[in-house]
Amino acid sequence: MRAYVELVRAPAALTVLGDTVAGAAASGNPLRGRRVALPLASVALYWSGMALNDWADRDLDAVERPERPVPSGRITPNRALAVAAGLSAAGLGIAAWAGGRDALRVAVPLALAVWSYDTVLKSTPAGPLGMAACRGLDVLLGASGAGGALPAAAAVAAHTFGVTTLSRGEVHGTSASVARAVVGGTALSALASVVGPSASWRHRLAGLVAATGYAVTVGGAQLAAVRTPDAASVRTATKAGIHGMVPLQSALAARAGSVAAAAAVALALPLARRLSRKVSPT
């Protein structure tokens, strides 16, 4: 079981739950009834992408990360591929059950984007764009056909683009210019999460608090990578960026008028950080 937990980076899925929450809040289409299960569809699709990533990277990981489940021999490549396919099917099934055709219209392109990223795009210049598309579509899954969620999806996608770009230096380090550009992107994502219409000044204030927490934690780690762009600093900044999804999602949900949902999303952050000490999210 430990090997499968590592394969899918299980605790990192806590940073995905808020995508659909933010999308639902931004669109005014709350997660009620069966739609409450939509975050579980996101988790299944996220885990499928992690398993597929290790299947696709098995030869490279044998050199750079031999301790991973596939190159270490704890899970066979065929089993990793089967896990990825099974989780993708589960994610699509949950989306169809929870949100009907409207959710499935987003879930199918999302699943295709996940598989395209891991098998084709990841090692190309389009890789960060592919990953950004995955997270943007995940936010739109929460809207399930309702309008108004595009700005929230764009903010999450922009953050994802920066984190993915920076993560390419986890093994060999990056350049100060790349890290500096990512910091700029984080600032823009923080700004995007607080501008625009808000339900009330209280909701805007709650969003501002969450956005400030996002900018300080994520931006601080990325600034450290600007000063020292080695592999260790990049890994730390990447982890901060992954966990930073949570306050960003909270800011988007709070500003849109759902402080309760934003608070629920925020509760995932301390647990995700604690579990990341046991299973790395990168």
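Residues numbered from 1 in each chain as written. Predicted model: local features only at pLDDT ≥ 70, side-chain atom pairs only at ≥ 80, totals over all residues. Heavy atoms only, no water.

A. Here's a closer look at the overall build of the chain. Within the chain, the secondary structure is distributed over 13 helices and 0 strands. Secondary structure elements in the chain, listed N-terminal to C-terminal, are α-α-α-α-α-α-α-α-α-α-α-α-α. Relative to its length of 282 residues, the chain is compact, with a C-alpha radius of gyration of 18 Å against a globular reference of 19 Å. Along the first, second and third principal axes, the C-alpha set of the chain runs to 55 × 45 × 30 Å. A burial count over the chain gives 51% of its 282 residues as buried. Looking at the chain alone, contacts between residues at least 24 apart form 77% of all its contacts between residues at least 6 apart. (Helix = DSSP H or I, 4+ residues; strand = E, 2+ residues; numbered from the N terminus. Rg over C-alpha atoms; globule rule 2.2 N^0.38 Å. Buried < 20%, exposed > 50% of the residue type's maximum accessible area, 1.4 Å probe, protein only. Contact = heavy atoms within 4.5 Å.)

B. Highlighting the packing of aromatic side chains. All chains considered together, the criterion is met by 0 aromatic pairs. Positioned above the aromatic ring of W55, the side-chain terminus of R58 is 4.6 Å from the ring centre. (Phe/Tyr/Trp six-rings, centres within 6.5 Å; stacked < 30°, edge-to-face > 60°. Lys NZ or Arg CZ within 6 Å of the ring centre and 35° of its normal.)

C. Here's a closer look at the packing of helix α3 (residues 38–56) against helix α5 (residues 77–121). Running from N to C, α3 and α5 cross one another at 160°; their axes reach a closest spacing of 5 Å. Accordingly, the angle class assigned to the pair α3 and α5 is roughly antiparallel. With respect to the hand of their crossing, α3 and α5 are arranged in left-handed fashion. Of the residues belonging to the contact of α3 with α5, the class tally is 27 nonpolar, 7 polar and 1 charged. (Axes fitted to C-alpha atoms, helices over the stretch in contact; angles between N-to-C directions. Parallel < 35°, antiparallel > 145°, perpendicular 65-115°, else oblique. Left-handed = near helix turned anticlockwise from the far one by under 90°. Nonpolar A, V, L, I, M, F, W, Y, C, P; charged D, E, K, R; others polar.)

D. Spatial organisation of the confidence of the model for the chain. When the pLDDT values of the chain are averaged, the result is 93; 100% of them are 70 or greater. Across the chain, the secondary-structure element scoring lowest on mean pLDDT is helix α13 (residues 268–276), at 83, and the one scoring highest is α5, at 97. (pLDDT = per-residue confidence, 0-100.)

E. Spotlight on the environment of R34. Looking at the secondary structure, you find R34 in the loop between α2 (17–27) and α3. C-alpha separation for the pair R34 and W97, spaced 63 residues apart in sequence, amounts to 7.3 Å. The residues contacting R34, other than those within four sequence positions of it, are W97 and A98.

F. Structural context of the pattern of salt bridges. Throughout the structure, instances matching the rule amount to 9 salt bridges. The residue D19 makes a salt bridge to R135 at a minimum N-O spacing of 2.8 Å. One end of the pair, D19, is in helix α2; the other, R135, is in helix α6 (residues 127–143), and 116 residues separate them in sequence. Judged by its relative accessible area of 0%, D19 falls in the buried class. Between R105 and D102 there is a salt bridge, with the nearest N and O atoms lying 2.8 Å from each other. Within this pair, R105 and its partner D102 are both found in helix α5, separated by 3 residues, close to a single helical turn. Judged by relative accessible area, D102 falls into the partly exposed class, the value being 38%. A single network of salt bridges, built from pairs that share partners, joins R2, E6 and R74. (Salt bridge = Lys/Arg side-chain N within 4 Å of Asp/Glu carboxyl O.)

G. The arrangement of a nonpolar patch on the surface in detail. A grouping of W201, L205, L208 and V209 is seen on the molecular surface, where their side chains present a nonpolar patch of about 440 Å² in accessible area. The topology assignment puts V209 in helix α9 (residues 201–227). (Patch = residues over 30% accessible without salt bridge, like charges linked within 9 Å, V, L, I, M, F, W, Y side chains within 5 Å. Areas by Shrake-Rupley, 256 points an atom, 1.4 Å probe, with all protein chains shown as cover.)

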